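Given next are the chains, with one letter for each unit.
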Amino acid sequence: MPGTEAPPWRFLITPKWLAWHLIVIGSVYGMLVLGDWQLHRALAGNALSWAYTFEWPIFAVFAVVFWAKTIRDEFHPPAVAGAAGEGIELPVGAAGRAARAAATSPAGEPATPEEEADLAAYNAYLARLHREVKGHGKWHGLR
Amino acid sequence: MRLNVTLYRVMAYVTGVVLIVLCVFAIGQAFTDDAAIVNAIGTLHGLLYIVYLIVSYPLTRRLRLSAGPTVAVLLAGTIPVMTFVVERRISHRYIEPALAGVTARLPGGHDAFSPRPYR
């Protein structure tokens, strides 16, 4: 129904994103405070602090720019190399089997046991890949 | 993509090596009390880290990393030895599959090696 869908910016106020907003604001504020502290140290005669006086604000700007770009990418996802359907990588031999299965058993016709075994094996392969991918966000240690 | 990967790897190793050298001299400073070298290397590392950020952030976007790995990549340049660990891990899990063009369709709307589905 038109008018009832969530607005496109709705994800920005989900708890996860709100937490990230707070982290970014807090870290930017912290970096500016550190830059100010280094400025005072530099004015007090600490020559090394001049470098950090400029570095901390630069890091703060980076945080803001990266943040803005991340949000922009959420609205306009960059094109992915190999559009949907083209980059599909099947296990060795599966591509031929899948094509044969599609050719020999049109929709609605019962599949032969051999084809069903092929399909089960391929689904098991997909499930394994899926499990591996689901662990991507976690830290696995050195590999 | 390939250029970005190369630049990232170069900066990860250069920044990592300079950071380790900095740590060695910082420990040495405790005994010699000569701050000049440590200050120079510290400033150098600060500048290299800025370049590291400029190079590695676009790569995290190209690889479509989720928040955790992205933060890990960006902060690695400030923690001794971490650039090597993170570079190795990111290469294995994301860069090599991406360069090989592997994007298998998976159940649940996930693409292999690009685990965060875009809306």
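The structure presented is a predicted model; accordingly, all values stated were derived computationally and were not measured.

Enquirer: Can you explain the overall build of chain B? Please cite residues and give values.
Expert: Counting its secondary structure elements, chain B contains 4 helices and 0 strands. Secondary structure elements in chain B, listed N-terminal to C-terminal, are α-α-α-α. Taking all 119 residues of chain B together, the buried fraction comes to 34%. When contacts within chain B are restricted to residue pairs at least 6 apart in sequence, those whose partners lie at least 24 apart make up 54%.

Enquirer: Tell me what's going on with the environment of L75 of chain B, and back it up with residues and numbers.
Expert: Examined against the element boundaries, L75 of chain B turns out to sit in helix α3 (residues 67-76). The sequence separation of L75 of chain B and L53 of chain B amounts to 22 residues, and the corresponding C-alpha distance is 8.8 Å.

Enquirer: Kindly report on α3 of chain B, identifying the contributing residues and their values.
Expert: Residues and elements named next belong to chain B. Of the positions making up α3, those classed as buried are P69, V73 and A76. Projection of α3 onto a plane perpendicular to its axis shows the buried side chains occupying an angular sector of 70 degrees, all on one side. Here the buried face of α3 lies against α2 (36-62) and α4 (82-99).

Enquirer: Pulling in residues and values, what's your account of the environment of I25 of chain A?
Expert: Residues and elements named next belong to chain A. Along the polypeptide, I25 turns up in helix α1 (residues 15-43). Look at I25 and you get partly exposed, because 13 C-beta atoms sit within 10 Å. In this structure the C-alpha to C-alpha distance between I25 and A60, which are 35 residues apart in sequence, comes to 9.6 Å.

Enquirer: Help me get a handle on the packing of α3 of chain B against α4 of chain B, residues and values and all.
Expert: All names here are of chain B. Between α3 and α4, the least distance of the axes is 9 Å, while the angle of their chain directions is 145 degrees. Note that α3 runs across α4; the crossing there is left-handed. Between α3, through P69, A72, V73 and A76, and α4, the contact on the second element is made entirely by M82, T83, V86 and I90. Looking at side-chain class alone, the contact of α3 with α4 contains 7 nonpolar, 1 polar and no charged residues.

Enquirer: Can you break down the confidence of the model for chain B residue by residue, with the values?
Expert: Looking at chain B, pLDDT values average 82 and 85% of them are 70 or higher. Helix α1 (residues 2-32) of chain B holds the highest mean pLDDT among the elements of chain B, 91, whereas α4 of chain B holds the lowest, 87.

Enquirer: Summarise the confidence of the model for chain A; cite the residues concerned and give the values.
Expert: Residue and element names in this part refer to chain A. On average, residues of chain A score 74 in pLDDT, and 63% of them are at 70 or above. Contacts from residues 81-88, a stretch scored under 50 in pLDDT, to residues over four places away or in other chains number 8 contacts. Contacts for the low-pLDDT stretch residues 137-143, under 50 throughout, to residues beyond four places or in other chains number 9 contacts.

Enquirer: Explain the packing of α2 of chain B against α3 of chain B residue by residue, including any values.
Expert: Residue and element names in this part refer to chain B. Where α2 meets α3, the closest approach of the two axes is 9 Å, and the angle between their N-to-C directions is 165 degrees. Put simply, α2 runs roughly antiparallel to α3. Viewed along their axes, α2 and α3 form a crossing whose handedness is right-handed. Only T70, V73 and L74 of α3 make contact with α2, whose side of the interface consists of L53, S56, Y57 and T60. Considered class by class, the residues forming the contact of α2 with α3 number 4 nonpolar, 3 polar and no charged.

Cut-offs applied
- Residues numbered from 1 in each chain as written.
- Chains lettered and ligands numbered in written order.
- Predicted model: local features only at pLDDT ≥ 70, side-chain atom pairs only at ≥ 80, totals over all residues.
- Helix = DSSP H or I, 4+ residues; strand = E, 2+ residues; numbered from the N terminus.
- Buried ≥ 20, exposed ≤ 12 C-beta atoms within 10 Å, placed from the backbone.
- Contact = placed C-beta atoms within 7 Å.
- Arc of directions from axis to C-beta.
- Axes fitted to C-alpha atoms, helices over the stretch in contact; angles between N-to-C directions.
- Left-handed = near helix turned anticlockwise from the far one by under 90°.
- Nonpolar A, V, L, I, M, F, W, Y, C, P; charged D, E, K, R; others polar.
- pLDDT = per-residue confidence, 0-100.
- Parallel < 35°, antiparallel > 145°, perpendicular 65-115°, else oblique.

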